[in-house]
Structure formats: structure tokens, C-alpha cells
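So the chains spell out like this:
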Amino acid sequence: MTNDDAVTRGMAAGTRRGGRHASSGEGAGAAVDNPVAADSKGREKEQAARVRHAEREQAAAAQRSGAHAPGLFDPIDLGHERIRNRIWLPPMCMYSVARQDGVPTDFHYQHYVSRALGGFGMVIVESTAVSPKGRISPCDLGLWNDTQAEAFRRIAADVRAAGALPVVQLNHSGRKGSSGCTPLGYIGRTVPEGEGGWRPEAPSPLAYGRMEEPTQLSVEDIRGVVRDFASAAQRAVQAGFGGIEIHAAHGYLLSEFLDPISNQRTDDYGGSLDNRMRLTLEVSEAVRAVIPRGMPLLVRVSATDWAGDGGWDLAQTIELARALKARGVDLIDVSTGQIVHGVHTPAKPNYQVPFSERIRSKALVPTTAVGLITKPKQAQRIVKHEQADAVEIGRAGLRDPYWPLRAAYKLGLPTDRAPYPEQYVRAAFGTKR
Ligand SMILES: Cc1cc2nc3c(=O)[nH]c(=O)nc-3n(C[C@H](O)[C@H](O)[C@H](O)COP(=O)(O)O)c2cc1C
């Protein structure tokens, strides 16, 4: 049924019932001077109400069916950037800086530019540390000095040249810092100080699993963290990134401050929700203040810690999303978990989508969904049903840099509407030779 059909059917039903109404004489009030005119006015009112009802029903049905919602390959505007589609590469640590200097290598260049050539609309560069102690492992990328910023230039430039928006995720690892990495070893443990490791820092001296007990940050240290995020964001702008994502998920420093299980402070940064949110909000404000006005600012959150009562949950995340939006954050990248050691995450296809949907509808802010989204139709449904404004394809995008191009073919999009590099058009999916 088309929209018009729905409205027309609503009107037809109104007329029929209006007719019965008139012939029965019901509703013609005794105090009316002209019963014929009054009756016709009443019918008009009734009809208008039916049309409004039919329109509401039809809008709800359209949302359920996704008839009017944008699809995966429709562009989206964030700040002053138009992003060519809604299939984005989420941040994924490659732990590949063998020299331990935070400087991106040729591997990073190939890895990110090939995803842009593969049709992703946004390419979010992995967790990039705002200070040496903010790295998750000694093999992480960093943006705490100009050498690093300079080395990021060609990645950002060529991701953009290939049609995707280059965004970098800025992070401080908190108590999960100084973890092992493949080139170095110590996987799942703290790297000792003499071997390139450091004593991790956190809101409270509480260890994560088998990791070393962190030192508690002072208020002065916290102010330093805010400054580090702002400086790293400025370097990201110099490097040519088109957007910034602040990592406030997965049990790294900002998310440790949010969760009462990892934050047991009694000062202005612990206790009430306002106090626990303070650092994330200060960082977001500081970053927003130093980047261009229209540059997209994203924040990644864990919408729950999956620990049950007494931890971090969806209701608090919605409050956080509202506060972030009020501070100029353009989009919430919705993940979950990894904050509290040893809790079970019920991972299955789409398991994080309902969180994205709720944050989107309650905080009225654009969101992304991520987590075991692997199939084109599955991704299309999430966007069409307005559960998220974009989807992120993580591991499936690692095993297939051309995931978006393959998806376009599977969804029947004509080649000229798919995000092919011009040079590849002759070999588009579906080509016989
Ligand atoms: C190798 C790897 C590294 C990751 N590194 C990061 C990271 O740097 N920052 C982050 O927020 N999430 C990170 N994640 C989580 C992903 O961004 C994504 O949320 C997760 O893989 C779920 O999506 P998927 O099922 O599509 O892979 C990483 C995941 C993987 C597999």
C-alpha cells in the first residue's frame, strides 16, 4: 500500500462512517441553530481526525518498513562533512608499532587506505594515545608529538582522496595500559617497566584482572589528561583528519571514570553520575574548543558494563549522550562492555543494536551500531529501521577490505551508485569477465 493509499483509505472509511452517522441523526445537538450545517461541520472534523490518524499510522508503518529512511548507501551529513555512505570502519588496534614510538608505519597506510578504496564511508583510525602512558600497549599509535602528526598526514590525505572521511580515535588507556602486544609479548599481562612498560594510571587503585594495580590520578593529573586530549586533537587537525572520536568505552580511562565499579573516588570526579561524567565532558569540551567548528566530533561509549546492578548502564549512558550532545558532540558510537573484568557479554548478531536505537531515540542524537554486523541485508535493515544512522563493520572489514563494494552488489545497487574507485569500475562485482 502506498502512502496515498493509506490516506485515501482513511478518508474513505471516514466518509462511510460519516454517512451512517448523518443518517442516524446521532450527534446533532439540540442547541444547534442549523442542524444540517452543524452535521456537516461535525463530519468534516471527524474526517480530519481520521486523516490525521491514518497519516500517523502510515508514518509508523513506513518507519517499520524503512520505506522513507535512508539506506546504507545514502550519504549522511555530520557537521560540515558529507559522508558518502553509512558503512564505516570502526577503530581497531593493530598493535603494530614495533619501534614503540607511536609513529604510524607503511602497514598502517596500506591498511587504512585500502579500506577507503574498498568503499567505506568513514575510516576510523584505531585507538591512538594522547600521551605515552595513554597507550594500551607499547606498540600503539600516538599523537602526543609532531613527528607522529606528520607521519599521519599521508594516511589522512589518501583516505580522503579515496572518498572516505578520515577520523582518528583518541584514547587514554587508564588501568588497561602497558599491556603486551605481538611484537613484544606479555599478552594479557602488564609489560614490566624495564621492557618498555609503565605503571598504569586510573581513577582508583583497582587492578583490571591480572594487570598491575594502577596508581590513582590526582586532580592535577586529571587536568593534564584533559590538556593531552586537546593537544592530540589539535595535532589530528594538523595531520588532516576530518573528524575526531573520543574513546570513552571499553574500560579505558574515561570509561573507568564513568563506571562506579572502577571509580571509587570521593572527590569531584567520583560518586554521583555528574561527578563520574565530569572527565568525559571536560575532555569533550576541550576537544570541541580546539577543532574547527563544523568538524565532526564522535564519542564512543560502552552503553552497559554487563555487570548488572551497581555498575554502568543504559540509563546513565542516555544521560551522558544528552550531556555530550549539549557540548557539541555530533554522534555517539555505541558499543558495550569490556569495563569490568570477568563479566559475560552476550555477543550475538545485532546484540548492541538495541542500545544504539535507545540512545538515538531518547537522547535525539545520531548513533552508530557495531558488533557482529556481517551481512549486507542485516546492515541495511538496521539503517532502514532507524536503529542507527550508520553501521560499523569491524572484523568482517578486516577479512574483506571490499565489504562495502560487495554489499552494494548483493543489495542490487547499480555500479554507478556504488563507491567504486574509478579504476576498479571495469571489474565491478557481477562483471562476467
Ligand atoms: C583487532 C581488534 C582491535 C580493536 N581495537 C579497538 C580500538 O582500538 N578501539 C575501539 O573502540 N574498539 C576496538 N575494537 C572493537 C571494534 O571496534 C568493534 O567494536 C568490535 O570488533 C565489534 O565489531 P565487529 O563484530 O564488527 O568486529 C577492536 C576489535 C578488534 C577485533
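Small disclaimer: the values here were computed from a predicted structure and weren't measured.

### Details of the overall build of the protein
And then number 1: Scanning the protein from N- to C-terminus turns up twelve helices and 15 strands.
And then number 2: Within the protein, buried positions represent 45% of all 433 residues.
And then number 3: Partitioning the contacts of the protein with sequence separation of at least 6, the portion at a separation of at least 24 is 70%.

### Some remarks on the pairing of strand β8 (residues 185-190)
And then number 1: Alignment of strand β7 (residues 179-181) against β8, held across two bridges, turns out to be antiparallel. Following the sheet pairing, C181 is matched in β8 by G185.
And then number 2: Adjacent in sequence and paired antiparallel, β7 and β8 are bridged by three residues.

### Digging into unusual backbone geometry
And then number 1: The phi dihedral of Y95 is positive, around 40°, even though this residue is not glycine.
And then number 2: Its location among the elements puts Y95 in the loop between β3 (87-89) and α3 (106-117).
And then number 3: Phi is positive for L372, which is not a glycine, with a value near 55°.

### As for the site of the ligand
And then number 1: Residues in contact with the ligand amount to 20 residues; listed here are only the nearest, P90, M92, S127, G394 and R395.
And then number 2: The set of elements that each furnish at least two residues to the shell around the ligand consists of β4 (122-129) and α11 (395-399).
And then number 3: Class assignment for the residues of the shell around the ligand results in ten nonpolar, seven polar and three charged.

### Points about the packing of helix α7 (residues 273-290) against helix α8 (residues 314-326)
And then number 1: Following both chains from N to C, one finds α7 and α8 inclined at 40°, their axes separated by 10 Å at the closest point. α8 is crossed by α7, and the crossing has right-handed handedness. Across from L273, M277, T280, L281 and S284 in α7, the residues of α8 making contact are Q316, E319, L320, A323 and L324.
And then number 2: For the contact of α7 with α8, the per-class residue count stands at six nonpolar, three polar and one charged.

### Concerning the pairing of strand β13 (residues 331-335)
And then number 1: Most of β13 is tucked away: five of the five residues are buried.
And then number 2: Here five bridges tie strand β12 (residues 297-302) to β13, and the two strands are oriented parallel to one another. When the sheet's bridge partners are listed, R300 is paired in β13 with D333.
And then number 3: Sheet analysis places β13 next to strand β14 (residues 367-370), joined by three bridges and oriented parallel.

### Examining the environment of P354
And then number 1: Mapped onto the fold, P354 is located in helix α9 (residues 353-363).
And then number 2: In this structure the C-alpha to C-alpha distance between P354 and V334, which are 20 residues apart in sequence, comes to 9.8 Å.

### A word on α8
And then number 1: For α8, built from 13 residues, the straight-helix expectation of 18 Å at 1.5 Å per residue is met to within 8% by its first-to-last C-alpha distance of 18 Å.
And then number 2: Along α8, the residues classified as buried are Q316, T317, I318, L320, A321 and L324.
And then number 3: Close packing links the buried residues of α8 with α7, β12, β13 and α9.
And then number 4: Among the residues trailing α8, G328 stands out with phi positive, at a value near 90°.

### Structural notes on the packing of helix α5 (residues 219-239) against α7
And then number 1: Two elements in contact, α5 and α7, have axes separated by 8 Å at closest approach and are oriented at 35°. Viewed along their axes, α5 and α7 form a crossing whose handedness is right-handed. Along its contact with α5, which presents I222, V226, F229, A230, A233 and Q234, the element α7 presents L279, E282, V283, A286, V287 and V290.
And then number 2: In the contact of α5 with α7, the residues fall into ten nonpolar, one polar and one charged.

### Brief notes about the environment of V97
And then number 1: Looking at the secondary structure, you find V97 in the loop between β3 and α3.
And then number 2: The spacing of V97 and T182 is 85 residues in sequence and 10.0 Å in space, taken between C-alpha atoms.

### Some thoughts on the environment of R381
And then number 1: Looking at the element boundaries, R381 is found in helix α10 (residues 376-384).
And then number 2: Separated by 310 residues in sequence, R381 and G71 place their C-alpha atoms 8.3 Å apart.

### Notes on α9
And then number 1: Every buried residue belonging to α9 is among V353, F355, S356, I359, R360 and A363, and all of these are buried. For α9, the angular spread of buried residues about the axis comes to 165°, placing them on one side.
And then number 2: Its buried side turned inward, α9 meets α8, β13, β14 and α10.
And then number 3: Two residues or fewer after α9 comes L364, characterised by a positive phi angle close to 50°.

Cut-offs and rules
Residues numbered from 1 in each chain as written. Predicted model: local features only at pLDDT ≥ 70, side-chain atom pairs only at ≥ 80, totals over all residues. Helix = DSSP H or I, 4+ residues; strand = E, 2+ residues; numbered from the N terminus. Buried ≥ 20, exposed ≤ 12 C-beta atoms within 10 Å, placed from the backbone. Contact = placed C-beta atoms within 7 Å. Pairing = 2+ DSSP bridges. Near = placed C-beta within 6 Å. Nonpolar A, V, L, I, M, F, W, Y, C, P; charged D, E, K, R; others polar. Axes fitted to C-alpha atoms, helices over the stretch in contact; angles between N-to-C directions. Left-handed = near helix turned anticlockwise from the far one by under 90°. Expected span 1.5 Å × (residues − 1). Arc of directions from axis to C-beta.

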